[in-house]
There are 2 protein chains.
Amino acid sequence: MIHCPKCNDVAFIMKAGYIRGKQRYVCKSCHHFFTIAGEHSPQDQQRKRRHQTTIIDIAKAIGISNSTVSRALHGHSDISRETRQAVLEMAAELDYQPNQLAYSLAKNKTNTIGMIVPEFFNSFFPNVIIGAHQILTEAGYNLTIMQSNESYDIEISNTRAMLANRADGLLISLTQETNNFEHLAVFEKRGIPIVLFNRVCDGLEVPKVVVNDFEASFQAVEHLILNGYERIAHLGGPLSLMVSRERLRGYKAALEKHGKPLDENMIIQGMLTQQKARIYGQYLLDLPARPDAVFAVNDSSAIEIMLIAKEKGISIPDELGVVGFSDNPESAYIGPGLTTVRQPTREMGVTVANWILQLLEDDADTEIPERKVLQTELIIRGSSRRRE
Amino acid sequence: MIHCPKCNDVAFIMKAGYIRGKQRYVCKSCHHFFTIAGEHSPQDQQRKRRHQTTIIDIAKAIGISNSTVSRALHGHSDISRETRQAVLEMAAELDYQPNQLAYSLAKNKTNTIGMIVPEFFNSFFPNVIIGAHQILTEAGYNLTIMQSNESYDIEISNTRAMLANRADGLLISLTQETNNFEHLAVFEKRGIPIVLFNRVCDGLEVPKVVVNDFEASFQAVEHLILNGYERIAHLGGPLSLMVSRERLRGYKAALEKHGKPLDENMIIQGMLTQQKARIYGQYLLDLPARPDAVFAVNDSSAIEIMLIAKEKGISIPDELGVVGFSDNPESAYIGPGLTTVRQPTREMGVTVANWILQLLEDDADTEIPERKVLQTELIIRGSSRRRE
DNA sequence: TTGTATGCGTTATCAC
DNA sequence: GTGATAACGCATACAA
C-alpha cells in the first residue's frame, strides 16, 4: 500500500518510470511525483554508474535549494556569506565536479573554441596553438584541437563534431585537398564565428589571418638576385593552397622586376613530403642547365636540397644558393645556416584567438576587417650569402 | 484577457517566466503551462540566438512525437519505413544537427576520448595521435586533444576540463614537471578509464603503454661498444621522466656488461632544448679526455652533437660515434646518417586507443595487464659504423 | 508501432 | 536572500 506523501491519497498512485535507478510514482490526484526510499529497480546495480555529485546532492546535504547552490558556486551577489561558505565546503567534501554538458545545454554556450589544423609535423601549427591557447585560457575558454591530417574527409568529420559539440567558435586552417567550403558555410548559417588562418581560401566571407607570403617571397628571391644568383629555381607547394600560389607569385614578380627569364622547367609544385622533396631536388640539381639557387616553399624541402647538394659535392653558397620558408629550429644549425623567412607563429595564434573572442562579444555585426596580414622577416644565413 | 488553452479558465492565469524569449503563463487551476503565440519579450531580438533545429521541430513539422523522431534518427528497429523516411527527409530539409551536449547528458556518455600530450614539436606525439585517431574514429568516438606544453599547471587545467566535459576516457602522456598524480586519481575514483603512455609514472595502478627503453638503450650502447668505441658519453633527458631513467639504466648496464668504466662527468641529464643540447654538446666535446661516442636521449640532440662535431672538425664516425633515439625524419638524411632507435609511434597510438576502448566495454573489472611494452628497432646508419 | 512523460545537471525566472 | 520550477535537447520506460 503506497501513500502519496503530499496528499496522502492511496487510490490514484501509479508507477511512473524510474529515476536514478529507483521506481518512481505519481499521484494522479495531486500531481505529485515521488519515489520510495529503499526501493530499487532490479538492474539498479548494473545501470547505475558511479554517481557523480551534483548540485542537488550539495543542496540536500545542507538542506537548501539547488538554485541557492548554483548561485553560491558562481559567486552571485545575492547570497549570504554563511550559505556560500557552507556550499563551497560541502562541494569540496563531496568532491563536486561541475558538469559542463549540463551547463552548456542550459546556457546555450560551451565556452569552448574548436581548432582544426591539417598537421602537427612542422613546428608551425604547434606554435600557433600555443599562442591561441594562452589567450583563450585567459579569457576563460577551452581550446579543443582536432587534426585533419591533410584529409578533406577528416576535415568534414571534424567540423561535424565541432558542430555537434556546439563549439562557440572555430579556428581552422584548411587541408590541401579542401576546395569545397560548404562545411564552413554551415557555421556561418548557424551564426558560429569562424576565423581562417594560414591555409585560407577565397570565396568565403570570413575573417582570415595570413602572413605576407607574396612580399616575403618577393623579398627572398630578390635577395638571391642581389647576391648574384642568376638561375633561380622554385620548389613550391601544392597549388591548391593559396600560400603556395602567393609564394609562387612573389617568386615570379621578383624575377620579372629584375629582368630574369622565367623557366617553367625550374618550377616544381606539389605536396612536399621528404621523399618528394628529395626526388624533385635531385631532378633540379641534375638538370643540364642546373639552377644556381633554389627558393623552397618550406625549410624541410630547403634542407633536403642542401643535403642533396652536399652529396653531389655542390658547394653552398658558392655554387648553389638556398632559401627556405618558416625558419624551423634546425635551419639555424644545418650546414652554413639556412636563409629563410621567419613567420610570426605565436603571434598568429594570439591574433586568431583575439579575433574570435571579439566576434563572440560583438552581437551586432560591427565592421570587421576581412583579413589581417602579419609581417614576416627574412633571416639571412650562410646558404645564400655569396657577396660579402 | 488570457484564457488557459486547456481548461479555458481565466481567473488563475499567472506569469511564469520566459521560454525561448516568449512570456510564459501557468494556469494554477489545471497546472497547464503555455505561451501566447506572437508575444515576445522586450529583449527578444537580442537574446534569441539563431534557433537550432531540434527533434521537436522535426516532430511538429511531420505531426508525430519527438520520441518517434528520436528512434527514427537512431535507426531503431521498431519504426515503420515511411515514418523513418519522412523523419530523415524532414531532418535534411530543416538542416538538423544533433546536439551532442543533450545527447551526452541524457545518455551519460559523450563518445569522446580525451588525449593530453606534453608537446607537438617532435614527430612522436603527432604520430601517436594519428594512430589513435584512426582506431577511435572507426569505433565511433571523437578524439579531443589538449596539450600541456610541458607545464604541470596546464596539465591540471586540462584534466579538469576533460572531467567537466565528461570525456569517457583519457589518454595521457605526462609533462616532465608532473610528480604528483592526484589529478589522475580523480579519474579512477569516478570510474573513468585512463591509459598512460610514453611519459608514464609509477605509483598509479593504471594501464601503461611504453617502449622497451631499457633494452633499446642497452642495445644501442652495446652497438657502439662493439664498433670499438671506448669512452661513451650520455646526453640524457630530465630524470623526472621515467623514459630518461630507463635509458640511463640501459646505458649503464651496457657499459657494465662490457667492463667499461662509468664516468659521471660524461653523463648529462636535463631538458634538452636545442640551446641546451648545444651547450651540453660543446661541453662534452671540449672535455680534456673527449668522449669518442655519444648516446643521446633523442635525435634532435644527437643531430646537434653531429653539427657541433662538424664545426670542430671532428669526423663522424671515425673520431666520434653518435646514436640517437626516435628516428626523426631528418635523421636519415643528415651527415653520414644518424644511427637511432625507431619507436613504433603509430602502433603506440593504436595500442592505447584499443586499450581504452576495451576498458570502456568491460563493465566488470576483467584482469588486464598493467603494462604493455612495444618493441623498438635499432636503425644503424653511418654515424656509428666504424667497423666494416 | 507510436505517444506520453520524465530524467540527465544546470541556469534562470519568478514569487516570497 | 532563498525556494520552487521550467527549460535546455535528447533518450527511453512504459502505456497504448
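Criteria and thresholds
- Residues numbered from 1 in each chain as written.
- Chains lettered and ligands numbered in written order.
- Predicted model: local features only at pLDDT ≥ 70, side-chain atom pairs only at ≥ 80, totals over all residues.
- Heavy atoms only, no water.
- Core = buried A, V, L, I, M, F, W, Y, C linked by side-chain atoms within 4.5 Å.
- Buried < 20%, exposed > 50% of the residue type's maximum accessible area, 1.4 Å probe, protein only.
- Helix = DSSP H or I, 4+ residues; strand = E, 2+ residues; numbered from the N terminus.
- Contact = heavy atoms within 4.5 Å.
- Buried area = accessible area lost by both parts, 1.4 Å probe.
- Salt bridge = Lys/Arg side-chain N within 4 Å of Asp/Glu carboxyl O.
- Polar contact = N/O pair within 3.5 Å; in protein donor to acceptor, adjacent residues only side chain to side chain.
- Least-squares fit on C-alpha atoms with pLDDT ≥ 70 in both.
- Domains from an automatic or database assignment.
- 1 Å grid on protein atoms, 1.4 Å probe; cavity = no way out; pocket = protein on both sides within 12 Å on 5 of 7 lines; lining within 4 Å.
- Points joined across faces, edges and corners; volume = space filled by probe spheres on them.
- Nonpolar A, V, L, I, M, F, W, Y, C, P; charged D, E, K, R; others polar.
- Pairing = 2+ DSSP bridges.
- Axes fitted to C-alpha atoms, helices over the stretch in contact; angles between N-to-C directions.
- Right-handed = clockwise from strand over helix to strand, strands pointing away.
- Lys, Arg positive; Asp, Glu negative; His and termini not counted.
- pLDDT = per-residue confidence, 0-100.

Focus on the nonpolar core
Among the nonpolar cores identified, the biggest contains 55 residues, and Leu136, Leu171 and Phe197 of chain A together with Leu136, Leu171 and Phe197 of chain B are the most heavily contacted of them. When residues in this core are grouped by element, the largest group, eight residues, is from helix α13 (residues 345-361) of chain B. Dropping the residues within four chain positions of it, leucine 171 of chain B is found in contact with Ile113, Gly114, Met115, Ile116, Leu136, Val195, Phe197, Val352 and Ile356 of chain B. If you look at the next biggest cluster of nonpolar residues, it comprises 50 residues, including Val322 of chain A together with Ile303, Ala309 and Val322 of chain B.

Considering the interface of chain A and chain B
When the parts come together, some accessible area is lost, and that loss is often what is quoted as the size of the interface. Contact with chain A, which involves 50 residues of that partner, is made by 50 residues of chain B. For the chain A and chain B pair, buried surface summed over both sides reaches about 5,100 Å², with 55% attributable to carbon and sulfur atoms. The three residues of chain A that bury the most area against chain B are Leu101, Arg190 and Tyr333 of chain A, which together make up 15% of that side's buried surface. For the pair chain A and chain B, the interface holds two salt bridges. The salt bridge partner of arginine 190 of chain B is aspartate 95 of chain A, with a shortest N-O separation of 3.8 Å. Here chain A and chain B share nine residue pairs in polar contact (both at pLDDT 80 or more) between them.

Quick look at the relation of the copies chain A and chain B
Here two copies of a chain appear, and what relates them is a rotation about an axis with a shift along it. Between chain A and chain B, the superposition needs a rotation of 180° and an axial shift of 0.0 Å, giving an RMSD of 0.1 Å. Such a turn and shift between the copies fits a two-fold axis. Looking at chain A, 100% of its interface residues are interface residues in chain B too, so the copies touch through the same face.

What about the pattern of salt bridges?
If charged atoms from side chains of opposite charge come close, those side chains can pair. Residue and element names in this part refer to chain A. Summed over the entire model, instances satisfying the criterion amount to 28 salt bridges over all chains. Between arginine 249 and glutamate 246 there is a salt bridge, and its shortest N-O distance comes to 3.1 Å. Linking arginine 249 with glutamate 246, this pair stays in helix α10 (residues 242-257), spanning three residues, or about one helical turn. A cluster of three or more residues bridged by salt bridges with shared partners is formed by Asp327, Arg342, Glu377 and Arg381.

Considering the domain arrangement of chain A
Domain assignment breaks chain A into domain 1 (13-49), domain 2 (55-98), domain 3 (108-211 + 346-374) and domain 4 (213-343 + 377-384). Measuring from the centre of the C-alpha atoms in domain 2 of chain A to the corresponding centre in domain 4 of chain A gives 63 Å.

Considerations on empty space enclosed by the protein
Rolling a probe over the atoms, with the probe sized like a water molecule, indicates the empty space that remains. Scanning the entire structure with this criterion turns up one cavity of 30 Å³ or more. A volume near 300 Å³ is recorded for the largest cavity. What lines the largest cavity is a set of 20 residues, among which Thr112, Thr144 and Asn165 of chain A together with Thr144 and Asn165 of chain B lie closest to the centre. Looking at the lining of the largest cavity, the elements that each hand over two or more residues are α5 (100-107) and β5 (142-147) of chain A together with α5 (100-107) and β5 (142-147) of chain B. Of the residues assigned to the lining of the largest cavity, the class counts are eight nonpolar, twelve polar and no charged.

Digging into the sheet that holds strand β10 (residues 267-269) of chain A
Residues and elements named next belong to chain A. What the four strands build is an open sheet, ordered β10-β9-β11-β12; its pairing is parallel. Of all the strands in the sheet, just β10 and β12 (321-323) have a single pairing partner and so form its edges. Strand-to-strand, the axes of this sheet are offset by a mean angle of 10°, without reference to chain direction. Where strand β9 (residues 232-236) lies against strand β11 (residues 293-296), four bridges are found, and the strand directions are parallel. Bridged to leucine 235 within β11 is alanine 296. In the packing of helix α9 (residues 213-226) onto the sheet, the strands contacted are β9, β11 and β12, and the crossing angle to β11 comes to about 170°.

Quick look at the pairing of strand β7 (residues 194-197) of chain B
Residue and element names in this part refer to chain B. Along β7, one buried face is formed by Ile194 and Leu196 and the opposite face, lined by Val195 and Phe197, is buried too. In terms of strand pairing, strand β6 (residues 169-172) meets β7 through three bridges, oriented parallel. Note on β7: the bridge partner recorded for isoleucine 172 is leucine 196. The sheet contact formed by β7 and strand β8 (residues 208-211) spans two bridges and is parallel. Counterpart to leucine 196 in the pairing with β8 is lysine 208.

Notes on the pairing of strand β6 (residues 169-172) of chain A
Residue and element names in this part refer to chain A. Alternating positions in β6 separate into two faces, Gly169 and Leu171 on one and Leu170 and Ile172 on the other, with burial throughout. In this structure, strand β4 (residues 112-117) lies alongside β6, joined through four bridges in parallel fashion. Bridged to isoleucine 116 within β6 is isoleucine 172. Each parallel crossover has a hand, and for β6 linked through helix α8 (residues 182-190) to strand β7 (residues 194-197) it is right-handed.

Some words on the side chain of aspartate 299 of chain A
Residues and elements named next belong to chain A. Position of aspartate 299 among the secondary structure elements: in helix α12 (residues 299-312). Although aspartate 299 is buried, it makes no salt bridge; arginine 381 carries the closest opposite charge, 5.8 Å away. A distance of 2.8 Å separates the side chain of aspartate 299 from the backbone nitrogen of asparagine 328, its partner in a polar contact.

Remarks on the confidence of the model for chain A
All names here are of chain A. The pLDDT averaged across chain A works out to 86; a share of 85% of its residues lies at or above 70. Overall, residues 17-22 carries pLDDT values under 50, and its contacts beyond four positions in sequence, including any with other chains, amount to 22 contacts. The low-confidence segment residues 36-48, where pLDDT is below 50, has 17 contacts with residues more than four positions distant or belonging to other chains.

With respect to the sheet that holds strand β12 (residues 321-323) of chain B
Residues and elements named next belong to chain B. In space, the four strands of this open sheet follow the order β10-β9-β11-β12, with parallel pairing throughout. One side of each edge strand has no neighbouring strand; the edge strands of this open sheet are β10 (267-269) and β12. Going across the sheet, the axis of each strand differs from the next one's by a mean of 10°, ignoring polarity. As paired strands, strand β9 (residues 232-236) and β10 are joined by three bridges and run parallel to one another. Among the inter-strand pairings, glycine 236 is bridged to a residue of β10, identified as glutamine 269. Docked against the sheet, helix α10 (residues 242-257) engages β9, β10 and β11 (293-296), running at close to 170° with respect to β9. The sheet contacts of helix α12 (residues 299-312) involve β9, β11 and β12, and relative to β12 the element is tilted by about 160°.

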